[in-house]
Amino acid sequence: MTRFAGPGDSPGFLLWHVTLAWQRRIRQTLEPLGLTHVQFVLLACCWWLETHGTPPRQQELAAQAGTDVKMTSQVIARLESAGLVTRTVDSGDTRAKLVRLTGKGRDLAGRAVTAVEQVDTEMFGTDAGPLLRTLRSVLDSE
C-alpha cells in the first residue's frame, strides 16, 4: 500500500485541483464568447466530426463528447435556437437527427477552439506529450 506524505503527494488529489483550475480558466475564456463548457465541447466535437467525415447523428456527437444523450439533446436544442447548429432527420434512419454547424456556429467553434487551445498551452506547456500519454494510459485501463 502506497502512503502519501500529504495531499500534495496524491496524484488524484492534484488531478482534482488541476481539473478545478482548468475548468475555471476554460469558463473564463468561453464566457465572453457566450458559451458554456458543455456547449463548447459539443460545438467542437461537431466541427471535428463534420471535418473528418459526415455530419454526426446526435447520438454519435454525444458519444464523441462523452456526454449523456438526453442532456446532449437539450444543449443542442439551445445551440439550435442560437443559430449555431441545425438538426435534420437522417434520411437513412428517421429516428436519428443529424447535427450540422451553421456558418455562425463554425466561426464561433473555430474561435473557441483556438482560445481553449491557448489555455491548454498556458497551463500544460507546449510539450504536453508525456502528460497526454499518462492520461491516455489511465483512460485505456478503465
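Residues numbered from 1 in each chain as written. Predicted model: local features only at pLDDT ≥ 70, side-chain atom pairs only at ≥ 80, totals over all residues. Heavy atoms only, no water.

Engineer: So, the overall build of the protein chain: which residues are in play, and what are the values?
Structural biologist: Within the protein chain, the regular secondary structure consists of 6 helices and 2 strands. Along the longest, intermediate and shortest principal axes, the C-alpha atoms of the protein chain span 60 × 35 × 25 Å. Every one of the 142 residues in the protein chain was classed for burial, and the buried ones make up 30%. Look at the contacts in the protein chain between residues 6 or more apart in sequence, and 51% of them connect residues 24 or more apart. (Helix = DSSP H or I, 4+ residues; strand = E, 2+ residues; numbered from the N terminus. Buried < 20%, exposed > 50% of the residue type's maximum accessible area, 1.4 Å probe, protein only. Contact = heavy atoms within 4.5 Å.)

Engineer: An account of the environment of Ala-44 is needed here, citing residue identities and associated values.
Structural biologist: Relative to the helices and strands, Ala-44 is located in helix 2 (residues 37-51). Judged by its relative accessible area of 14%, Ala-44 falls in the buried class. For the pair formed by Ala-44 and Gly-110, sequence separation is 66 residues and the distance between their alpha carbons is 7.9 Å.

Engineer: Hey, could you go over the layout of surface pockets for me, with residue numbers and the actual values?
Structural biologist: Considered as a void within the structure, the largest pocket measures approximately 1,200 Å³ in volume. Of all the secondary structure elements, the ones that give two or more residues to the lining of the largest pocket are helix 1 (11-30), helix 2, helix 3 (58-65), helix 5 (103-124) and helix 6 (129-140). Of the residues contributing to the lining of the largest pocket, the split by class is 21 nonpolar, 7 polar and 3 charged. (1 Å grid on protein atoms, 1.4 Å probe; cavity = no way out; pocket = protein on both sides within 12 Å on 5 of 7 lines; lining within 4 Å. Points joined across faces, edges and corners; volume = space filled by probe spheres on them. Nonpolar A, V, L, I, M, F, W, Y, C, P; charged D, E, K, R; others polar.)

Engineer: Tell me about the pairing of strand 1 (residues 85-90), and name the residues and values.
Structural biologist: Here strand 1 pairs with strand 2 (residues 93-101) via 6 bridges, running antiparallel. Of the residues in strand 2, the one forming a bridge with Val-89 is Lys-97. Counted along the chain from strand 1 to the antiparallel partner strand 2, the turn is 2 residues long. (Pairing = 2+ DSSP bridges.)

Engineer: An account of the environment of Gly-125 is needed here, citing residue identities and associated values.
Structural biologist: Looking at where Gly-125 falls in the secondary structure, it is placed in the loop between helix 5 and helix 6. The class of Gly-125 is partly exposed, set by a relative accessible area of 31%. The sequence separation of Gly-125 and Ser-141 amounts to 16 residues, and the corresponding C-alpha distance is 25 Å.

Engineer: Which residues make up the packing of helix 2 against helix 3, and what values go with them?
Structural biologist: Interhelical geometry of helix 2 versus helix 3 gives an angle of 110 degrees and a closest axis separation of 9 Å. Relative to helix 3, the element helix 2 lies roughly perpendicular. Classified by chirality, the crossing of helix 3 by helix 2 is right-handed. On helix 3, the residues touching Val-41, Leu-42, Cys-45, Cys-46, Trp-48 and Leu-49 of helix 2 are Glu-60, Leu-61, Gln-64 and Ala-65. Among the residues making up the contact of helix 2 with helix 3, the classes are represented as 8 nonpolar, 1 polar and 1 charged. (Axes fitted to C-alpha atoms, helices over the stretch in contact; angles between N-to-C directions. Parallel < 35°, antiparallel > 145°, perpendicular 65-115°, else oblique. Left-handed = near helix turned anticlockwise from the far one by under 90°.)

Engineer: Break down the nonpolar core for me, citing the residues and quoting the values.
Structural biologist: Leu-35, Phe-40, Leu-43, Leu-61 and Leu-79 are the most contacted members of the largest nonpolar core, which has 25 residues in total. Taken together, the elements giving at least two residues each to this core come down to helix 1, helix 2, helix 3, helix 4 (69-81), strand 2 and helix 5. Of all the elements, helix 2 adds the most residues to this core, at 7 residues. Sequence-distant contacts of Leu-43, defined by excluding residues within four places in its chain, comprise Leu-35, Leu-79, Leu-84, Val-85, Leu-101, Leu-108 and Ala-109. (Core = buried A, V, L, I, M, F, W, Y, C linked by side-chain atoms within 4.5 Å.)

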